[in-house]
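# Summary of the model geometry
Okay, here's what each chain looks like letter by letter:
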Amino acid sequence: MNGTAKRDFKLLIVDDSNIVRRRIERSQEFEELRLVGTAGNGAEALELFSRTDPDVVTMDLTMPEMDGIECIGHMVAMKPSVRILVISALADKATAVEAMERGANGFLNKPFTDRQLNEAIAELLR
Amino acid sequence: MLHEKELTTFVDGTTNFFAVAAQQAASIGSPYLLEEALALHEYSGLIDVSGKRQGVVCFTAPKAMLAVLLMKMQETDFSHETMRDLVGEVANTISGNARRAFGGDFLISVPNVLSGETQSIAPRPGTRSFIIPINWRSHSAKLIVSLS
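This write-up is about the structure you can find in this document.

Conventions used here
- Residues numbered from 1 in each chain as written.
- Chains lettered and ligands numbered in written order.
- Predicted model: local features only at pLDDT ≥ 70, side-chain atom pairs only at ≥ 80, totals over all residues.
- Heavy atoms only, no water.
- 1 Å grid on protein atoms, 1.4 Å probe; cavity = no way out; pocket = protein on both sides within 12 Å on 5 of 7 lines; lining within 4 Å.
- Points joined across faces, edges and corners; volume = space filled by probe spheres on them.
- Helix = DSSP H or I, 4+ residues; strand = E, 2+ residues; numbered from the N terminus.
- Nonpolar A, V, L, I, M, F, W, Y, C, P; charged D, E, K, R; others polar.
- Buried < 20%, exposed > 50% of the residue type's maximum accessible area, 1.4 Å probe, protein only.
- Pairing = 2+ DSSP bridges.
- Contact = heavy atoms within 4.5 Å.
- Buried area = accessible area lost by both parts, 1.4 Å probe.
- Salt bridge = Lys/Arg side-chain N within 4 Å of Asp/Glu carboxyl O.
- Polar contact = N/O pair within 3.5 Å; in protein donor to acceptor, adjacent residues only side chain to side chain.

## A word on empty space enclosed by the protein
Leftover empty space is mapped by rolling, across the atoms, a probe with the size of a water molecule. Tallied over the full model, the rule gives 1 cavity of 30 Å³ or more. Computed from the structure, the largest cavity encloses a volume of approximately 140 Å³. Lining the largest cavity are A:Ile19, A:Val20, A:Arg23, A:Lys110, A:Pro111, A:Phe112, B:Phe17, B:Ala21, B:Met73, B:Leu86, B:Glu89 and B:Thr93. Within the residue set of the lining of the largest cavity, elements represented by two or more residues are α1 (18-27) of chain A together with α1 (7-21) and α3 (80-97) of chain B. Classifying every residue of the lining of the largest cavity gives 8 nonpolar, 1 polar and 3 charged.

## Quick notes on the pairing of strand β9 (residues 128-136) of chain B
Side-chain positions along a regular strand alternate between the two faces of the sheet. Residue and element names in this part refer to chain B. Across the 9 residues that make up β9, a large majority, 7, are buried. The pairing of strand β1 (residues 27-28) with β9 spans 2 bridges and is antiparallel. Of the residues in β9, the one forming a bridge with Ile28 is Ile134. Bridge analysis of strand β2 (residues 32-33) against β9 gives 2 bridges, and the strand direction is antiparallel. Paired with Leu33 across the bridge in β9 is Phe130. Bridge analysis of β9 against strand β10 (residues 139-147) gives 9 bridges, and the strand direction is antiparallel. Across the sheet, Pro133 pairs through a bridge with Lys142, a residue of β10. The hairpin turn running from β9 into β10, its antiparallel successor, is 2 residues long, and Arg137 in that turn takes a positive phi close to 55°.

## Thoughts on the interface of chain B and chain A
Contact with chain B, which involves 25 residues of that partner, is made by 21 residues of chain A. Summing the contributions of chain B and of chain A, the shared interface buries around 1,700 Å²; its carbon and sulfur component is 55%. Between the two partners, chain B and chain A, sit 4 salt bridges. For B:Glu75, the salt bridge goes to A:Arg22, with nearest N and O atoms at 2.9 Å. Connecting chain B to chain A are 11 residue pairs in polar contact (both at pLDDT 80 or more). Looking at the side of chain B that touches chain A, the elements with two or more residues in it are α1, α3 and α4 (99-102) of chain B. The leading source of residues in the side of chain B that touches chain A is α3(B), at 8 residues. Partitioned by chemical class, the residues of the side of chain B that touches chain A number 9 nonpolar, 10 polar and 6 charged.

Okay, here's the thing in structure tokens:
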């Protein structure tokens, strides 16, 4: 052991698209992130959240059963220290503001490049 | 009713999707009015629009185009379910991006996906509908925007 060991962060990916979930998992370049689960809707995400206790969450907004905005509120209530990056196609400013007010820490619009994704995650982990 | 000038946001959204997600620009043809039922390609993603505007946004594409698009996106699963997932995601992304112009009252549903060769889309009462032709590599797809 030495004093420079990096902290591990548990990652949960939430998006109703399998393609997007796999894309985030494949493209993120952070050794300190360890994937603990993926979910396709807000209800499933909350169940996984309470079971796996993630530190970092990527969150879609438009999803069946429970949308991302509501899900963010529940997650932050359960674990105020969680860091949430919203990854959504919704491109209006009001949506981004609402997500941040609910407790999200970053916002990335779809479609995104690998570089944009990694910059957004880096900002989240800072 | 939907005005031709408002199509710019959908044209820009479509151009941006292909340029970013597939790293290869699509060329967009001149939009034209949908006046009678139009046969859809094998896969179509439909987003219902509600709130300030009512209607639907539909992205329809042939399987061959979607397969190449998936490859360009580094995807290795080319199953029927992944094709369905992709058309839904394209429709969702273009519709969601349109909120930059239309605002937060432009409410969009989760994608409804149609697959098969016998599907069609017809003009909806109370809306004006345009077809936006999309050409990408050697393939052609369409975006149909039908809004009050």
